[in-house]
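Geometric and topological summary
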Amino acid sequence: MKKLMILVLAAVLVTTTAGCSTNNSSPAGQPSAPTSQTGGVTLSEGASVKGVQADVTYPLEGLDDTLAMNNLTTIKTYAGQGKVSVTPEGAESFDLFINGTAVDHSEFAGKAFTVDFSALATNEINTIQVTNILPETASVNIKVDYPTVIEGTPEEVGFSSEKLSFIDDLLNTEVEYGFPGGQLVIIKDGKMIKNTAYGYANSYNQDGTRIENPVASTTETLYDLASNTKMYATNYALQMLVSEGKVNITDTIQSYFPEFKDEPGAAILGKNTMTLQNILEHQAGFPADPQYHNDTYDKDDGIVNGVNDLYSVEKATTKEMILKTPLQYEPGSKTVYSDVDYMLLGLIVEQVTGMELDAYVEENIYKPLGLDHIVFNPLQKGFEKDQCAATELNGNSRDGAISFTVNRTDTIQGEVHDEKAFYAMNGVSGHAGLFADAQDLGRLAQVMLNQGGYGDVKLFSKQTIDQFTKPKFTSQTYGLGWRRMGDHGYSWYFGPQAGASTYGHTGWTGTLSLIDPENDMIVIWLSNKINSPVVDPTVNPNYFYGNHFVGGTLGGVATLTYDALNPTSMESTDSLLAQMVANKLTLIETDEGYQNAADEQSLQALMDLLVSRVEKTGSAAVKSQAERLVGKLSDEAAKTALNERLAGEISDFLPAIRISGKRED
């Protein structure tokens, strides 16, 4: 450590020599004054910064014998943004350096002032140095807030605009062929460089036909986040409470709910000692989905009698049912991803705070950050249906494959899709129920990269973030609630290029959040892929038309985002597209599970895009690949139409399929 600090001191001394005038004589023992104000740095009178990231007074109490570190503060910010408020407390003079550059503050002698150092800020470590305070009995206080998300351009953070446009082309083409739509936000180095909407708020009629004049999705359309609720409502609340010392992950559940205990004769014990950590790691012992809302479900209540003895469609009763749900394995002995875990965690947040979960996070997290498009129960809080992306077409019936007494019958729009959250928890649960647009969710995710705060609001400490995102002992792909890239065990969603420290979550409705500390990047992909017919309810009632497109895989969008972070020519991307077409062809040819109308349309969309790339680039290599792949099509009409385009001829061909087809606008 001391060797490191000596090197730091040497670097500071070199920079100081460059930042101060060498021919400006000062009285012996007096601090040397900078010769001029650095270009781009703006000083203003008064302390306008609250200091939620750093609030430090120099000289420090209790000096470290490394010496050099006693007058340096490192902060998190990004190029293009940064402010520090400086308040002298009896100081007649002192030296102020930001990232090694001297700041002339002589016009504010003895007064508090604020420095906008946006022009000096970097995406790396930023250092504020306060030295040579005189008289020696005086002190100087500095305050720094957290960075926020500002607008930026792809190229200034290393992205390729051309490759990002390719993602637009892909998703827009898939919408034409039946994919419902979504929103994509990319934030890198504190700059939002992409915020794009695709498709429609509601794409299909209940009979599976396309709506003729659908409402377009916008960047402010709210999407049902499904299990991303677990992270951006429940985990954020818990991380805040842990930081405040109100909750400890080693607390037992029984310490919050004394009635939660092992019952006499229980087949599996462990409730008496179960901790929050067991639940956060999905190792609590609960069944994956006890279906409290389904009166005919009889698998997880411990009593085989043809009815659901845990049935509830009222929140207070559901709480009782959750606490009495029998364990299926000993806590800590294995991992089973369970919604019950986060339903119970949400109840603990309510028990600790004395507030409903939605009220707590909306009032203590979202509103202080200025986020007004992230909310539970949006239709009850001022939003209209068309401002929300629809999900399932026929209630929760999976197009007639599933039936229970309280099932909705209309297209679900503006209400949480998740059955347990809607029917059993009044739309507000720790595992599901949160709606948001991608830009607000992206700003909320930025809190994690900012080490716990945003602007002048601090939510939790960096230590708490580290505690919640580090891998659990038994699996590199789980943190405390957060899903992790780890040993590439989550590459199907985060993409193979994501670093091992990448974390985030997915949602069943078609949502993905990705936070990559190594690249200082956030990717938010919100889709409503289940706003589409079930391909075959008799085979798999949970496999919707939208699942079969690249946009529905979630990981496909993440992979192409990382590809766009590689600002080379489009040659590799075009080659990758051709391989994607080839892979889809192989799946359709060799696997009956892909021999359906949805996968055929997904293939048609990819083929259409590949031919469009030929038309756009004129590349002989891309044309050769396209001709080869078009030749493999079994649909002769599609093959003819695509070959005509490759030959430069105009075709009016539109594929005729059962439920979708390329849209004619």
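Bear in mind that the values here come from a model prediction, so they are computed numbers and not experimental data. (Residues numbered from 1 in each chain as written. Predicted model: local features only at pLDDT ≥ 70, side-chain atom pairs only at ≥ 80, totals over all residues. Heavy atoms only, no water.)

1. Observations regarding the environment of Val535
As for its position among the elements, Val535 is in the loop between strand 21 (521–527) and helix 12 (550–553). The partly exposed category is assigned to Val535, whose relative accessible area is 21%. (Helix = DSSP H or I, 4+ residues; strand = E, 2+ residues; numbered from the N terminus. Buried < 20%, exposed > 50% of the residue type's maximum accessible area, 1.4 Å probe, protein only.)

2. Section: the packing of aromatic side chains
In this structure the tally under the stated criterion is 16 aromatic pairs. With a centroid separation of 5.3 Å and an interplanar angle of 85 degrees, the aromatic rings of Phe404 and Tyr423 are classed as edge-to-face. Residue Phe404 is found in the loop between strand 14 (374–376) and helix 8 (419–425), and its partner Tyr423 is found in helix 8; the two are separated by 19 residues along the sequence. Of the two residues, Phe404 and Tyr423, both sit in the buried class. Here Phe422 and Tyr423 contribute two aromatic rings whose centre-to-centre distance is 5.0 Å and whose plane-to-plane angle is 85 degrees, an arrangement assigned as edge-to-face. (Phe/Tyr/Trp six-rings, centres within 6.5 Å; stacked < 30°, edge-to-face > 60°.)

3. Focus on the side chain of Lys163
Examined against the element boundaries, Lys163 turns out to sit in helix 2 (residues 161–176). Among the polar contacts made by the side chain of Lys163, one reaches the side chain of Thr568 at a distance of 3.3 Å. Once you skip the residues sitting within four places of it in the chain, Lys163 turns out to touch Asp563, Ala564, Asn566, Thr568, Ser569, Met570, Ser572 and Thr573. (Polar contact = N/O pair within 3.5 Å; in protein donor to acceptor, adjacent residues only side chain to side chain. Contact = heavy atoms within 4.5 Å.)

4. Structural notes on the nonpolar core
Judged by nonpolar contacts, the single largest core of 77 residues is most densely connected at Tyr232, Tyr236 and Leu444. Ranked by the residues each element gives to this core, the list is headed by helix 3 (residues 228–243), at nine residues. Contacts of Tyr232, omitting those with residues within four sequence positions, involve Tyr366, Leu434, Leu441, Leu444, Ala445, Trp482, Ser513 and Ile515. Of all hydrophobic cores here, the second largest spans 61 residues; its members include Tyr177, Ala498, Leu512 and Val550. (Core = buried A, V, L, I, M, F, W, Y, C linked by side-chain atoms within 4.5 Å.)

5. Comments concerning helix 2
Given a rise of 1.5 Å per residue, 16 residues ought to cover 22 Å, and the 23 Å separating the end C-alpha atoms of helix 2 matches this to within 8%. Turning to helix 2, its buried residues number three or more, namely Lys163, Leu164, Phe166, Ile167, Asp168, Leu170, Leu171, Thr173, Glu174 and Val175. Two residues or fewer after helix 2 comes Gly178, characterised by a positive phi angle close to 130 degrees. (Expected span 1.5 Å × (residues − 1).)

6. What about the environment of Lys246?
With respect to the secondary-structure elements, Lys246 resides in the loop between helix 3 and helix 4 (276–280). Placed 96 residues apart in sequence, Lys246 and Ile150 show a C-alpha to C-alpha distance of 33 Å. Here Lys246 is in contact with Leu241, Tyr256 and Val352, once residues within four sequence places are set aside. Looking at Lys246, its side chain comes within polar contact range of the side chain of Glu244, at 3.4 Å.

7. Some words on the sheet that holds strand 14
The strand order across the open sheet formed by three strands is 13-15-14, and the pairing between neighbours is antiparallel. Sheet topology places strand 13 (223–224) and strand 14 at the edges, where each strand pairs with a single neighbour. Pairing of strand 14 with strand 15 (residues 434–436) involves three bridges; the strand directions are antiparallel. In the strand pairing of strand 15, Phe376 is matched with Leu434. (Pairing = 2+ DSSP bridges.)

8. Quick look at the pattern of salt bridges
The full count for this structure, using the stated rule, is 23 salt bridges. Note that Arg398 and Glu392 form a salt bridge whose closest N and O atoms lie 3.0 Å from each other. Classification of Glu392 by relative accessible area gives buried; the value is 0%. Each of the salt bridges in this network shares a partner with another, and the network as a whole consists of Lys230, Asp289, Asp339 and Lys420. (Salt bridge = Lys/Arg side-chain N within 4 Å of Asp/Glu carboxyl O.)

9. What about the pairing of strand 21?
Where burial is concerned, most of strand 21 is hidden: seven out of the seven residues are buried. Because side chains alternate across strand 21, one face comprises the buried residues Met521, Val523, Trp525 and Ser527, and the other comprises Ile522, Ile524 and Leu526, equally buried. The pairing of strand 11 (residues 181–188) with strand 21 spans seven bridges and is classified as antiparallel. Considered in strand 21, the bridge of Gln183 is made with Leu526. The pairing of strand 20 (residues 511–516) with strand 21 spans six bridges and is antiparallel. Across the sheet, residue Leu514 finds its bridge partner in strand 21, namely Val523. Here strand 20 folds back onto strand 21 in antiparallel fashion, the turn holding four residues, of which Asp520 has a positive phi close to 50 degrees.

10. Some words on helix 17 (residues 636–646)
Given 3.6 residues to a turn, an α-helix orients residues that are three or four positions apart in the same direction. Within helix 17 the residues assigned to the buried category are Ala638, Lys639, Ala641, Leu642, Arg645 and Leu646. All buried residues of helix 17 fall inside an arc of 165 degrees around its axis, so they share one side. Packing partners of the buried residues in helix 17 comprise helix 15 (597–617) and helix 16 (620–630). Where helix 17 begins, the capping side chain belongs to Asp635, and its oxygen is found 3.1 Å from the backbone nitrogen of Ala637. Note on helix 17: the residue one or two positions beyond its end, Gly648, has a positive phi of about 85 degrees. (Arc of directions from axis to C-beta.)

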